[in-house]
Amino acid sequence: NGMKANKTQVVVGDTEPIVNVKPQLVNGKVAFVIDAEDDEKMLCFGLDRIDKVVPLPSHKYVEYNGDLNERFEDIVGVTLFENSPVYPIIFWVSDFSKDYVLTKPIHDSQKRVNEKKALSLREQYPSLNNGIFLQIDCRDNYELIRELSSFGKDLIVLSPSVIQDKVWNRINSMNEEYIKIRSSK
């Protein structure tokens, strides 16, 4: 991709200096994958989140020994919570949005649920007529909840409840804000 890994300090807002920067394509976006100098945690910053980059010749670049693609394969976006389990997330997508979601998957693991499971889900959720049932296998993070919420009524998370609750809370909070501003007219 033409980018070179340099010995670099990246300052993000008011955070402490971090070293071992390598520009990387992560889930389709260019980001700096960084080892924090103070606690050796791996961090990931999108280019739009970086305020300035300052070279530090006194610090040696140390190559990451693992597979970065493997590190990010279970997430949407770049935020990785190490303690979050990988959830099988089942959701329904309306006819209106299904072509978009099928051609631009929410995650690489996305697949249609098998026919037997789809029939069972249609019986369990009769209001979700038409549309399709899909599954992704992902860790919980901000980007996942944002993406699932972005389809509004055209994507409904069915399970697990921990993900469904987070999507519902996000949409409910948004609804409450709209009620406030509309009632103040």
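Conventions and cut-offs
- Residues numbered from 1 in each chain as written.
- Predicted model: local features only at pLDDT ≥ 70, side-chain atom pairs only at ≥ 80, totals over all residues.
- Heavy atoms only, no water.
- pLDDT = per-residue confidence, 0-100.
- Contact = heavy atoms within 4.5 Å.
- Pairing = 2+ DSSP bridges.
- Helix = DSSP H or I, 4+ residues; strand = E, 2+ residues; numbered from the N terminus.
- Axes fitted to C-alpha atoms, helices over the stretch in contact; angles between N-to-C directions.
- Parallel < 35°, antiparallel > 145°, perpendicular 65-115°, else oblique.
- Left-handed = near helix turned anticlockwise from the far one by under 90°.
- Nonpolar A, V, L, I, M, F, W, Y, C, P; charged D, E, K, R; others polar.

Trainee: Which residues make up the confidence of the model for the protein chain, and what values go with them?
Mentor: Interpreting fine coordinate detail is not advised for predicted regions of low pLDDT. Overall, the prediction assigns the protein chain a mean pLDDT of 81, with 75% of residues at 70 or greater. Note on residues 1-9: pLDDT is under 50 here. Beyond four places in sequence and across chains, it has 27 contacts. Counting contacts from residues 11-19, a segment whose pLDDT is below 50, to residues more than four positions away or on other chains yields 26 contacts.

Trainee: Tell me about the sheet that holds strand β6 (residues 86-93), and name the residues and values.
Mentor: Here four strands make up an open sheet; going across it, the order is β7-β8-β6-β9 and the pairing antiparallel. Two strands in the sheet have a free side with no partner beyond their single neighbour: β7 (111-112) and β9 (155-159). Where β6 meets strand β8 (residues 132-139), eight bridges bridge the pair, whose relative direction is antiparallel. Its bridge partner lying in β8, V86 is registered against R139. Its contacts with the sheet place helix α3 (residues 115-124) against β6, β8 and β9, and it is angled at close to 105° to β8. The sheet strands contacting helix α4 (residues 142-149) are β6, β8 and β9, and the helix crosses β8 at an angle near 165°.

Trainee: If you had to explain the packing of α4 against helix α5 (residues 161-183) to someone new, which residues and values would you point to?
Mentor: In helix packing, the relevant descriptors are the interaxial angle and the interaxial distance, both defined with respect to the helix axes. Look at α4 against α5: their axes get within 9 Å of each other, and the N-to-C directions meet at 65°. Viewed along their axes, α4 and α5 adopt a mutual orientation that is roughly perpendicular. Crossing geometry of α4 relative to α5 is assigned as right-handed. Here Y142, L144, I145, R146, L148 and S149 of α4 come into contact with α5, specifically with I163, K166, V167, R170 and I171. Its residues assigned to classes, the contact of α4 with α5 comprises seven nonpolar, one polar and three charged.

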